[in-house]
Amino acid sequence: MNTKFILPFALISALTLAACENQTGAPEQPDPDAGNPEAFAEPIEETEAPADVMSPEEMQQRREQIEQDAQQTFDSIMEDSQEAGENLVEMGDDAMSALSEQMTSASDAIEVQIDALVENAADVRDDNMTDEQKLEVVTNVRNAAEEAARALGQTAPEVVAAGDAAEERTRQVLGLE
């Protein structure tokens, strides 16, 4: 087996030597730009042929094993990707729930503020108040409710709605319908 491997090298070497017979000698003055060819020469490593040559059946078994390993790796990657996707969906659902709770708590906070403002207006109410004074209290309650809604990050329509609700309830409490 080694002779089959070494014989082509010997033939190539003999042909190369035969081709080099008419070669000219080295120049008398070396070219400084030519570089040092010995510095760039890499040693040739002789590789040996594998000791065991696989039979076609062994090659088929090895191929099937590699395909099976590749399929398992692919399946594992797909499972990990699906799990990551499910985790992202769950995180998105949790974020939406938290946002919804915040919106609900903001609405509840506005309602509490409006209730407190209306109660204060009821406490301030006096039978001797003029309609002008009552309208001033209504305006102040509306402005306070709108400011509370803005402070809680509500949108412009939600701010107006909070002001409308506060105004309507204050008018009822003060008897200004």
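Here, every reference points to the structure presented above.
Values in this document were obtained by computation on a predicted structure and should not be read as measured data. (Residues numbered from 1 in each chain as written. Predicted model: local features only at pLDDT ≥ 70, side-chain atom pairs only at ≥ 80, totals over all residues. Heavy atoms only, no water.)

Helix and strand content of the chain: 5 helices and 0 strands. Beginning at the N terminus, the succession of helices and strands in the chain can be written as α-α-α-α-α. Within the chain, buried positions represent 14% of all 177 residues. Restricting to contacts in the chain with at least 6 residues of sequence separation, those with at least 24 account for 74%. Entry remark: accessible area of the chain is about 14,700 Å², with carbon and sulfur atoms responsible for 54%. (Helix = DSSP H or I, 4+ residues; strand = E, 2+ residues; numbered from the N terminus. Buried < 20%, exposed > 50% of the residue type's maximum accessible area, 1.4 Å probe, protein only. Contact = heavy atoms within 4.5 Å. Areas by Shrake-Rupley, 256 points an atom, 1.4 Å probe, with all protein chains shown as cover.)

Before going further, it helps to examine the nonpolar core. Among the nonpolar cores identified, the biggest contains 16 residues, and I114, V137 and V141 are the most heavily contacted of them. Sorting the residues of this core by element identifies α3 (56–124), α4 (131–151) and α5 (156–174) as the ones contributing at least two each. In this view, I114 contacts A145, A162, A165, A166 and R169; residues no more than four positions away in its chain are not counted. (Core = buried A, V, L, I, M, F, W, Y, C linked by side-chain atoms within 4.5 Å.)

What follows is about the pattern of salt bridges. The full count for this structure, using the stated rule, is 7 salt bridges. Where R142 meets E167, a salt bridge forms, and the shortest distance between an N and an O atom there is 2.8 Å. With a gap of 25 residues between them, R142 in helix α4 and E167 in helix α5 connect regions that are remote in the sequence. A residue is classified by how much of its surface remains accessible, and E167, at 21% relative accessible area, is partly exposed. (Salt bridge = Lys/Arg side-chain N within 4 Å of Asp/Glu carboxyl O.)

What follows is about the packing of α4 against α5. Remark: α4 packs on α5, axes separated minimally by 8 Å, with the N-to-C direction vectors making an angle of 150 degrees. It follows that α4 is roughly antiparallel to α5 by the angle criterion. Like other packed secondary-structure pairs, α4 and α5 cross with a definite hand, here right-handed. When α4 is examined against α5, the residues K134, L135, V137, V138, V141, R142, A145, E146, A149 and R150 are found in contact with a partner set consisting of V159, V160, A162, G163, D164, A166, E167, T170, R171 and L174. Here the contact of α4 with α5 is built from residues that sort into 11 nonpolar, 2 polar and 7 charged. (Axes fitted to C-alpha atoms, helices over the stretch in contact; angles between N-to-C directions. Parallel < 35°, antiparallel > 145°, perpendicular 65-115°, else oblique. Left-handed = near helix turned anticlockwise from the far one by under 90°. Nonpolar A, V, L, I, M, F, W, Y, C, P; charged D, E, K, R; others polar.)

This next bit is on the side chain of T170. Position of T170 relative to the elements: it lies in helix α5. Residue T170 is classed as buried on the basis of its relative accessible area of 0%. Apart from residues lying up to four places away in sequence, T170 is in contact with V118, A121, V137, V138 and V141.

Structurally, the position occupied by Q154 is in the loop between α4 and α5. Accessibility expressed as a relative area gives 11% for Q154, which makes it buried. The contacts of Q154, once residues within four sequence positions are left out, are A106, I110, A149 and V159.

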